[in-house]
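Structural characterization, general
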Amino acid sequence: MLAHGINHGINLHLQPALQYLYYIDQIPLALTPLSNNTLFLKMHLSPIPKFHRIGLVTCIGTDDPLQFHTTPNPLLEEYAIAAQVFRLTPMDKSEIATYSIK
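Okay, so let's go over this structure. Please read these numbers as outputs of a predicted model, since none were measured by experiment.

Below, the discussion takes up the environment of Pro 28. Mapped onto the elements, Pro 28 comes out in the loop between helix H1 (16-25) and strand S2 (29-31). Taking the C-alpha atoms as reference points, Pro 28 and Thr 70, separated by 42 residues in sequence, lie 27 Å from one another. Apart from residues no more than four positions distant in its own chain, Pro 28 is found in contact with His 4, Gly 5, Ile 6, Val 57 and Cys 59.

What follows is the structure in structure tokens.
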């Protein structure tokens, strides 16, 4: 496992053994809920809350802010929507933000 991070990675939920390796190596997953919702997987089916709950290094970010966002603060928009849809607690948001910075 030589990766320093994985972008998107939403199909990881289909590979439990690989999830375990990501957990052991603490490989961060940079996930973009709004982009994923539009292009790959509807938000209510997203594995993001599960990834966070099982201890994977889960980061929320944004890609293509001009295409997927409607506010001048795309990252805040991602967090606000993720918090609402995934029912993230303040502690969850703090942990995810900390991972995102690291």
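Strand order in the open sheet formed by three strands is S1-S2-S3, with parallel pairing between adjacent strands. This sheet does not close on itself; its edge strands, each paired only once, are strand S1 (6-7) and strand S3 (58-60). Taken together, the two bridges between S1 and S2 define a ladder with parallel strand orientation. Within the sheet, the bridge partner assigned to Ile 6 lies in S2 and is Leu 29.

Residue position: Asn 11 is located in the loop between S1 and H1. Sequence separation between Asn 11 and Ile 48 is 37 residues, and the spatial gap between their C-alpha atoms is 11 Å.

This next bit is on the nonpolar core. What tends to happen in soluble globular proteins is that the nonpolar side chains get buried as a cluster. Grouped together as the largest cluster of nonpolar side chains are 19 residues, with contacts concentrated most on Leu 29 and Leu 88. Looking at this core, the elements that each hand over two or more residues are S2, helix H3 (48-53) and helix H5 (74-86). Per-element tally for this core: the top contributor is H5, with four residues.

Of note, the phi angle at His 8 is positive, near 65°, even though the residue is not glycine. Of note, His 8 is situated in the loop between S1 and H1. For His 8, a relative accessible area of 22% translates into the label partly exposed. Located in the positive-phi region is Arg 87, a residue other than glycine, with phi close to 55°. Inspection of the secondary structure puts Arg 87 in the loop between H5 and helix H6 (90-101).

Cut-offs and rules
Residues numbered from 1 in each chain as written. Predicted model: local features only at pLDDT ≥ 70, side-chain atom pairs only at ≥ 80, totals over all residues. Heavy atoms only, no water. Helix = DSSP H or I, 4+ residues; strand = E, 2+ residues; numbered from the N terminus. Contact = heavy atoms within 4.5 Å. Pairing = 2+ DSSP bridges. Core = buried A, V, L, I, M, F, W, Y, C linked by side-chain atoms within 4.5 Å. Buried < 20%, exposed > 50% of the residue type's maximum accessible area, 1.4 Å probe, protein only.

The values are spatial; any link to function lies outside them.
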